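# Summary of the model geometry
Below, each chain spelled out in residue letters.
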Amino acid sequence: MTNTIWDVLNNILNGLIFILIGLQLRQIIAGISNYSGNSLFIWGAVISIVVILVRFLWVIPATILPRIISKKIREKEQFDYRNMIIFGWSGMRGVVSMAAALALPLMLNKTEEFPLRNLIIYLVFCVILSTLVIQGLTLPWLIKKLKIERYSILAEEYNIRNVIVSETIAHIEDNFSLLNDELLHNIKSKYEVKFNRLQKTELPANFFGNGKLLGGEIFNDFTKIQIDLLNVERGKLESMHKFGSVNEEIFRKIEKELDLEETRLWMEMYEEN
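Parameters and conventions
Residues numbered from 1 in each chain as written. Predicted model: local features only at pLDDT ≥ 70, side-chain atom pairs only at ≥ 80, totals over all residues. Heavy atoms only, no water. Phe/Tyr/Trp six-rings, centres within 6.5 Å; stacked < 30°, edge-to-face > 60°. Buried < 20%, exposed > 50% of the residue type's maximum accessible area, 1.4 Å probe, protein only. Helix = DSSP H or I, 4+ residues; strand = E, 2+ residues; numbered from the N terminus. Lys NZ or Arg CZ within 6 Å of the ring centre and 35° of its normal. Contact = heavy atoms within 4.5 Å. Expected span 1.5 Å × (residues − 1). Bend = angle between axes of the 7 residues up to and from the residue. Axes fitted to C-alpha atoms, helices over the stretch in contact; angles between N-to-C directions. Parallel < 35°, antiparallel > 145°, perpendicular 65-115°, else oblique. Nonpolar A, V, L, I, M, F, W, Y, C, P; charged D, E, K, R; others polar. Core = buried A, V, L, I, M, F, W, Y, C linked by side-chain atoms within 4.5 Å. Salt bridge = Lys/Arg side-chain N within 4 Å of Asp/Glu carboxyl O.

### Some words on the packing of aromatic side chains
Inspection of every chain in the model, using the stated rule, returns two aromatic pairs. Aromatic pair tyrosine 35 and tryptophan 43: ring centres 5.4 Å apart, planes at 70°, arrangement edge-to-face. A residue is classified by how much of its surface remains accessible, and tyrosine 35, at 25% relative accessible area, is partly exposed. Ring plane angle 45° and centroid distance 6.5 Å describe the contact between phenylalanine 56 and tryptophan 89, whose orientation is recorded as tilted. Pair noted here: phenylalanine 56 is in helix α2 (residues 37-69) and tryptophan 89 is in helix α4 (residues 81-89), with a separation of 33 residues, a long-range link. We note arginine 55 situated over the ring of phenylalanine 87; from NZ or CZ to the ring centre the distance is 4.8 Å.

### Considering the side chain of arginine 234
Checked against the element boundaries, arginine 234 lands in helix α9 (residues 215-242). In this view, arginine 234 contacts Leu258, Asp259 and Glu262; residues no more than four positions away in its chain are not counted.

### Remarks on the environment of isoleucine 52
In this fold, isoleucine 52 is placed in helix α2. Counting along the chain gives 78 residues from isoleucine 52 to serine 130, while the straight-line C-alpha distance between them is 9.7 Å. If we ignore the near neighbours within four places in the chain, the residues touching isoleucine 52 are Trp89, Thr131 and Gln135.

### Concerning the environment of asparagine 162
By secondary structure assignment, the location of asparagine 162 is in helix α7 (residues 153-175). A sequence separation of 32 residues divides asparagine 162 from lysine 194, and the C-alpha atoms of the two residues are 8.9 Å apart.

### Some points on helix α1 (residues 2-31)
In an α-helix, one full turn covers 3.6 residues, which means residues spaced three or four apart are oriented alike. With 30 residues, α1 should reach 44 Å at 1.5 Å per residue; the first-to-last C-alpha distance of 43 Å fits that figure. The axis of α1 is deflected most strongly, by about 35°, at leucine 25.

### As for the packing of helix α5 (residues 95-102) against helix α6 (residues 117-145)
The contact between α5 and α6 brings their axes to 9 Å, and the two run at 175°. Comparing the axis directions of α5 and α6 gives the class roughly antiparallel. Across the interface between the two elements, Ser97, Met98, Ala101 and Leu102 of α5 pack against Arg117, Ile121, Val124, Phe125 and Ile128 of α6. Residues belonging to the contact of α5 with α6 are distributed by class as follows: seven nonpolar, one polar and one charged.

### Topic: the side chain of glutamate 262
Position of glutamate 262 among the secondary structure elements: in helix α10 (residues 248-268). Glutamate 262 gets classed as buried once you look at its relative accessible area, which sits at 18%. When residues no more than four places from it in sequence are discounted, the contact partners of glutamate 262 are Ile227, Leu230, Asn231 and Arg234.

### Concerning the nonpolar core
Ranked by internal contacts, the top residues of the largest apolar core, which has 13 residues, are Ile32, Leu40, Met98, Leu119, Ile121, Tyr122 and Val124. Contributions of two or more residues to this core are made by α1, α5 and α6. For this core, the element with the most residues is α6, which contributes seven residues. Here methionine 98 is in contact with Ile21, Ile121, Val124, Phe125 and Ile128, once residues within four sequence places are set aside.

### Things to note about the pattern of salt bridges
Per the counting criterion, the structure on display carries six salt bridges. One salt bridge in this structure joins aspartate 259 and arginine 234, with 2.9 Å as the shortest N-O distance. Separated by 25 residues along the polypeptide, aspartate 259 in helix α10 and arginine 234 in helix α9 bring together distant segments of the chain. Accessibility expressed as a relative area gives 35% for aspartate 259, which makes it partly exposed. The partner of glutamate 255 in a salt bridge is arginine 252, with the nearest N and O atoms 3.1 Å apart. Taken together, the residues span about one helical turn, with glutamate 255 and arginine 252 both in helix α10 at a distance of three residues. Its relative accessible area of 45% is what places arginine 252 among the partly exposed residues. Three or more residues are tied together by salt bridges with common partners; here these are Arg234, Asp259 and Glu262.

Structure (structure tokens):
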């Protein structure tokens, strides 16, 4: 709930900032009325093109030079020029750029205005508009044109979970062999259940579907069954509490355990696209 609330607030604030920028634009245009429309258009276009080109001039050497210098990077990371192009084209400007421009002082001193402040803000607005509209709208087309393989955070999460659980099981076997057999069995069982659960969700070769069931859906189905069973437990608990078979203290304790377990399961669910 907290993450969702912050996401909503972040979107509201972003939208509000662009509304305020739009409301100030009329005042900014009035402050540069001594410039011709053609001049303003050309300057805005030129500055926007320069900003886009400068990003590429930074991205290309920043990508290639480390590979030339470091053998470790060359061996560890595969190089694909297409990713470099996508990263260069993804340099959309936005709220931070406008905030930097609006942070310019109105006055240098009590009598002298900050020179060209309105023009600077106008040019920043042109950069934001051109990068968001031109680069933003063409980015999906560019990705499709370059035939970039679809990245899956679900597959990455699956692999990370597998490594963590496997290493933990190995640690238990190497370091807790002298524990009481029953205690050791209980500890190992907990992580073996996690491991077996992951193995049952082995991602298929056609992970991205074509109409077939995804590994994440199998995992989620298993999790939803557990949540349904928790609701059965909760229903029985509430029924016993209603008829006075459970005292308040025990009811609250078990209810809290069920709520925490349900929250944990929901957090483990893979996002369904």
